[in-house]
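Descriptive structure summary
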Amino acid sequence: MSLVIVGSVAFDAIETPFGKTDKIVGGAGTYAGLAASYLFDQVKVIGVVGEDFGANIDIFKSRGIQTEGIEIIPGGKSFFWAGKYHNDMNSRDTLATELNVLGDFDPKIPASYQDCEYLLLGNLTPQIQIDTLNRLDNKPKLVVLDTMNFWMDVALEDLKTVLKRIDVLTINDAEARQLSGEYSLVKAAEVILAMGPKYLIIKKGEHGALLFGEGQIFAAPALPLADVFDPTGAGDAFAGGFIGYLAKIKTINFNNMKNAIIYGSALASFCVEKFGTERLQELHKDEIADRIKQFVHLSQFQLD
Ligand code: AMP
């Protein structure tokens, strides 16, 4: 029984008000895989890199993540993304997107991944997400999908097709408004849940996340942090922590989803503390447990 994550594996160059990096390892699949690996020990990643990725693949291996599904294209160049954050750290400009080998990505599922019960379809073209679902021998127990406004602009019909086949959708508040045509997030959630997903998570960055499903709503805070060095990958770390927790717990219901959101938020809070994937490579389980307690205290109160 495994958790399979499909997502970009990349080189990033990041600039924030606190500093600047040259090419470092990034990619949504990388952030999500690392985050999930702290909660569940059978994490398997599907992606594509160029030969230039080289020994960086050890970042996965050192966390016990299986990489047979990361195709290495001989002579190819890995996906490259460069971004610059504004002073508020909430908005960023994309300075470069070089698709390279990701442009022809055709996800292949190794036989050793066919035991997939938990599937995270990272933010890639909806067609790649559909192809991945089609190539699995069995329907996973839980499918979580992450997407973004770009796919709503250029591939809305494909996106609607894949939404009918998933269990949980994660998007941010602006994307929820765009997809539903509703400004109220409560109304937006109603519209989006009618499109197929059983649960919807609306991410609101430093303001936390909302979970909708089973006729209920849960609001999770984000941990107020004194220093945010680099928000890159926070959404992916959130998704990885979320599905990693559910893979560990094994029972899917609203209450466990609430806990999963807190785990996702905790992993995201670590992710932003250092540049790139650095913090997600060096975490200890007791640090995660302490942070979960902080989340509990943050929003706990007692009525007289
Ligand atoms: P996030 O901060 O959650 O949006 O994720 C950032 C990560 O997404 C970076 O590490 C990038 O390598 C990756 N990324 C950026 N643009 C794309 C894209 N068009 N397709 C796939 N991955 C991307």
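Our structure's up above, just so we're on the same page.
Now for a description of the structure that goes with this document. (Residues numbered from 1 in each chain as written. Predicted model: local features only at pLDDT ≥ 70, side-chain atom pairs only at ≥ 80, totals over all residues. Heavy atoms only, no water.)

Of note, Tyr118 is situated in strand E9 (residues 116–121). Once residues lying within four places of it in the same chain are set aside, the contact partners of Tyr118 are Met1, Ser2, Leu3, Val4, Pro140, Lys141, Leu142, Ile243, Leu246, Ala247, Lys250 and Ile252. At 3.4 Å, the side chain of Tyr118 forms a polar contact with the backbone oxygen of Lys250. (Helix = DSSP H or I, 4+ residues; strand = E, 2+ residues; numbered from the N terminus. Contact = heavy atoms within 4.5 Å. Polar contact = N/O pair within 3.5 Å; in protein donor to acceptor, adjacent residues only side chain to side chain.)

Around the ligand lies a shell of 15 residues, among which Asp12, Gly27, Arg92, Gly233 and Asp236 are the nearest. One nitrogen or oxygen atom from the main chain of Gly27 is found 2.7 Å from an oxygen atom belonging to the ligand. Between the ligand and Gly233, the relevant distance is 2.8 Å, taken from an oxygen atom to a main-chain nitrogen or oxygen of the residue. The protein chains hide 82% of the 510 Å² of surface that the ligand would expose on its own. Within the residue set of the shell around the ligand, elements represented by two or more residues are strand E2 (10–16), helix H1 (28–37), strand E7 (79–85) and helix H8 (234–249). (Near = heavy atom within 4 Å. Areas by Shrake-Rupley, 256 points an atom, 1.4 Å probe, with all protein chains shown as cover.)

Bringing the environment of Pro231 into the picture now. Here Pro231 shows up in the loop between strand E14 (216–220) and H8. Judged by its relative accessible area of 17%, Pro231 is buried. Sequence separation between Pro231 and Asn56 is 175 residues; the distance between their C-alpha atoms is 21 Å. Setting aside chain neighbours within four positions, we find Pro231 in contact with Tyr85, Met89 and Val272. (Buried < 20%, exposed > 50% of the residue type's maximum accessible area, 1.4 Å probe, protein only.)

This brings us to H8. Here H8 spans 22 Å end to end across 16 residues, near enough to the 22 Å set by a 1.5 Å rise per residue. Counting buried residues along H8, 13 of its 16 residues qualify, which places the element largely inside the surrounding structure. Phi turns positive one or two residues past the end of H8, at Lys250, with a value near 75°. (Expected span 1.5 Å × (residues − 1).)

This is a description of form; function is not addressed.
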